[in-house]
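Close look at the chain arrangement
Read off the chains here:
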Amino acid sequence: MTTTYAALLRGINVGGSRKVPMAELRTLLEGLDLGDVRTYLQSGQAVFSSARGDEETLAAELTAAIEKRFGFVVDVIVRDHAFLKAVAEACPYPAAELEAKQLHVTYFSDPVDEERYAGIDRAAFLPEEFRLGDRVLYLYAPDGLGRSKLAEQLSRPRVHKGLIATTRNWNTVVKLVELTAP
């Protein structure tokens, strides 16, 4: 059975470093015998179909292939359509009423729990706030991610130690659901 996945690449094509041209990424994925390969934007989203492997195996395969081709390590999270759709549907914020720049989802390689964030004084950052979901964190930042003091705290390496974490705005969250739909 063939499944459609999205690959989320962390930290590429930002500020002129770690360049991964999307055309080259598509060629690389096609060379791994992945089907229906497409990319979305320049910030590291690829969609593909595969009848083999699971999310973790595919992510490891993509990470190794990208390092071999481009000469640097890129963390990759792979998620299937059902997961991406469930994330969008479980959003604890009124996504339809917000601007896309106000709502973000951080995808994690593994489950996270509240204990990981115990050192963050949530009240100090209001009206910004976050909530956890299944291997994701939903962030409401009314003034956008670039101005968010809470996002700054959430992105500190000690908070996500041992995890791959990569954040997408709500437009991208929705688009990945569409692109991976059967």
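Scroll up for the structure.
So, here is what we can say about the structure in this document. Keep in mind that this is a model prediction, so the values were computed, not measured.

About the thresholds
- Residues numbered from 1 in each chain as written.
- Predicted model: local features only at pLDDT ≥ 70, side-chain atom pairs only at ≥ 80, totals over all residues.
- Heavy atoms only, no water.
- Salt bridge = Lys/Arg side-chain N within 4 Å of Asp/Glu carboxyl O.
- Helix = DSSP H or I, 4+ residues; strand = E, 2+ residues; numbered from the N terminus.
- Contact = heavy atoms within 4.5 Å.
- Phe/Tyr/Trp six-rings, centres within 6.5 Å; stacked < 30°, edge-to-face > 60°.
- Buried < 20%, exposed > 50% of the residue type's maximum accessible area, 1.4 Å probe, protein only.
- Lys NZ or Arg CZ within 6 Å of the ring centre and 35° of its normal.
- Axes fitted to C-alpha atoms, helices over the stretch in contact; angles between N-to-C directions.
- Left-handed = near helix turned anticlockwise from the far one by under 90°.
- Nonpolar A, V, L, I, M, F, W, Y, C, P; charged D, E, K, R; others polar.

What about the pattern of salt bridges?
Side chains that differ in charge, positive against negative, can pair when their charged atoms come close. Summed over the entire model, instances satisfying the criterion amount to 10 salt bridges. Here E61 ties to R52 by a salt bridge, and the two come within 2.6 Å at their closest N and O atoms. What emerges from the salt-bridge pattern is a single network uniting E55, R79, D134 and R135.

A word on the environment of I66
With respect to the helices and strands, the residue I66 is situated in helix 2 (residues 55–70). Spatially, the C-alpha atoms of I66 and T39 are 15 Å apart, while their sequence positions differ by 27 residues. For I66, the contacting residues outside a window of four places in its chain are L9, L25, L28, G71, F72, V74 and V76.

Some thoughts on the packing of aromatic side chains
We describe a pair of aromatic rings using the distance from one ring centre to the other and the angle between the two ring planes. Inspection of the entire model under this criterion finds 4 aromatic pairs. Both rings, one in F70 and one in F72, keep their centres 6.3 Å apart while their planes meet at 35°; by these two values the pair is tilted. F70 sits in the buried class, given a relative accessible area of 16%. Over the face of the ring belonging to F70 we find R69, whose NZ or CZ atom lies 4.7 Å from the ring centre. Its guanidinium or amino end placed over the ring of F130, R122 lies 3.9 Å from that ring's centre, counting from NZ or CZ.

Points about the packing of helix 3 (residues 81–89) against helix 5 (residues 170–180)
Two elements in contact, helix 3 and helix 5, have axes separated by 9 Å at closest approach and are oriented at 140°. Read as a crossing pair, helix 3 and helix 5 show a hand that is left-handed. Residues H81, L84, K85 and A88 of helix 3 touch helix 5, and the partners they reach there are W170, V173, L176, V177 and T180. Of the residues in the contact of helix 3 with helix 5, the class split is 6 nonpolar, 2 polar and 1 charged.

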